[in-house]
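Here are the chains, one letter per residue:
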Amino acid sequence: MEKFIKLTDTAIPLPTKNIDTDQIIPARFLKATDKKGFGDNLFRDWRYQKEGNINPNFILNNAKYQGSILVAGNNFGCGSSREHAAWALVGYGFKVIISSFFADIFKGNALNNGLLPVQVSSEFLQKLLKEIKENPTTKIVIDLKNQKVETLIGSISFDIDSYKKVCMLNGYDDIDFLISKKNKIEAFEKAH
């Protein structure tokens, strides 16, 4: 995984509530076990019309909004436990999802795949969505080390599991984390 310390970027507003994993990546695209190509089908049924044409009304198809931060409505990632949803978001280019609530399994899958789920208050989320919609070039700073979101509308702290924070700051998955402790493990084995 890539190290995540601090990110400054613009964001894409998607204020829809209760976005489930089947909307993020429809079940018909889950046949592959390799992460490659999942970003192509992110929000497939919203990004494209039934005939296969691009849906000009969907936010990801609006060139005015760009960035590696998705600001989504409450209860993002609900529904099934498919890890493919995180694969699709990362494959598309997102590094951070901001919402006022995440489904627990989605949150774990996101963190395991280098995607930072940032949970903020409902009030802050609504202000942020309004700011982005009115000013698409608004920069958002995600400071993982200090666990802060900073914008023109103010800043807010967010929580993250301390183990997952260490992993993201160092670009570790669970195996990489264990390997980083190899010397300590070997020293312990020798001593015991």
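In the block above lies the structure referred to throughout.
In this report, the structure presented in the accompanying data block is examined.

Reading the values: rules and limits
- Residues numbered from 1 in each chain as written.
- Predicted model: local features only at pLDDT ≥ 70, side-chain atom pairs only at ≥ 80, totals over all residues.
- Heavy atoms only, no water.
- Helix = DSSP H or I, 4+ residues; strand = E, 2+ residues; numbered from the N terminus.
- Rg over C-alpha atoms; globule rule 2.2 N^0.38 Å.
- Buried < 20%, exposed > 50% of the residue type's maximum accessible area, 1.4 Å probe, protein only.
- Contact = heavy atoms within 4.5 Å.
- Core = buried A, V, L, I, M, F, W, Y, C linked by side-chain atoms within 4.5 Å.
- Pairing = 2+ DSSP bridges.
- Axes fitted to C-alpha atoms, helices over the stretch in contact; angles between N-to-C directions.

### Points about the overall build of the protein chain
Moving on, step 1. Counting its regular elements, the protein chain contains eight helices and eight strands.
Moving on, step 2. Relative to a compact globule of 192 residues, whose C-alpha radius of gyration would be 16 Å, the protein chain shows 18 Å and is just as compact.
Moving on, step 3. Overall, the C-alpha framework of the protein chain stretches about 65 × 45 × 25 Å when taken along its three principal axes.
Moving on, step 4. In the protein chain, which comprises 192 residues, the share counted as buried stands at 44%.
Moving on, step 5. Of all intrachain contacts in the protein chain linking residues separated by at least 6 positions in sequence, the fraction that spans at least 24 positions is 66%.

### So, the nonpolar core
Moving on, step 1. Residues Phe43, Phe76, Leu89, Ile98, Leu116 and Ile142 are the most contacted members of the largest nonpolar core, which totals 51 residues.
Moving on, step 2. For this core, the elements supplying multiple residues, two or more each, are strand 2 (11-14), strand 3 (69-72), helix 3 (84-92), strand 4 (96-99), helix 4 (104-112), strand 5 (116-119), helix 5 (122-134) and strand 6 (140-143).
Moving on, step 3. Sort the elements by how many residues they give to this core and helix 5 lands first, with five residues.
Moving on, step 4. Other than its neighbours up to four places away in sequence, Phe43 contacts Leu14, Ile19, Gln23, Ile24, Phe58, Leu60, Leu70, Phe76 and Leu89.

### A closer look at the sheet that holds strand 4
Moving on, step 1. Taken in spatial order, the four strands line up as 2-3-4-5 in an open sheet, and their pairing is parallel. Two strands lie at the open edges of the sheet, namely strand 2 and strand 5, each paired on one side alone. Between one strand and the next, the sheet's axes are offset by a mean angle of 20°, whatever the strand orientation.

### Here's the deal with the environment of Gly93
Moving on, step 1. Mapped onto the secondary structure, Gly93 falls in the loop between helix 3 and strand 4.
Moving on, step 2. It is 15 Å that separates the C-alpha atoms of Gly93 and Leu111, two residues lying 18 residues apart in sequence.

### So, the pairing of strand 1 (residues 6-9)
In the case of a regular strand, side chains alternate between the two sheet surfaces.
Moving on, step 1. With burial as the criterion, only one face of strand 1 is covered, namely that bearing Leu7 and Asp9; the residues Lys6 and Thr8 on the opposite face remain uncovered.
Moving on, step 2. When strand 1 meets strand 6, the two strands line up antiparallel, connected through four bridges. Looking at strand 6, one finds that Lys6 is bridged to Asp143.

### A word on the sheet that holds strand 8 (residues 154-157)
Moving on, step 1. Pairing within the open sheet is antiparallel, and its four strands lie in the order 1-6-7-8. Edge positions in the sheet fall to strand 1 and strand 8, since each has one partner strand and no second. Between one strand and the next, the sheet's axes are offset by a mean angle of 10°, whatever the strand orientation.

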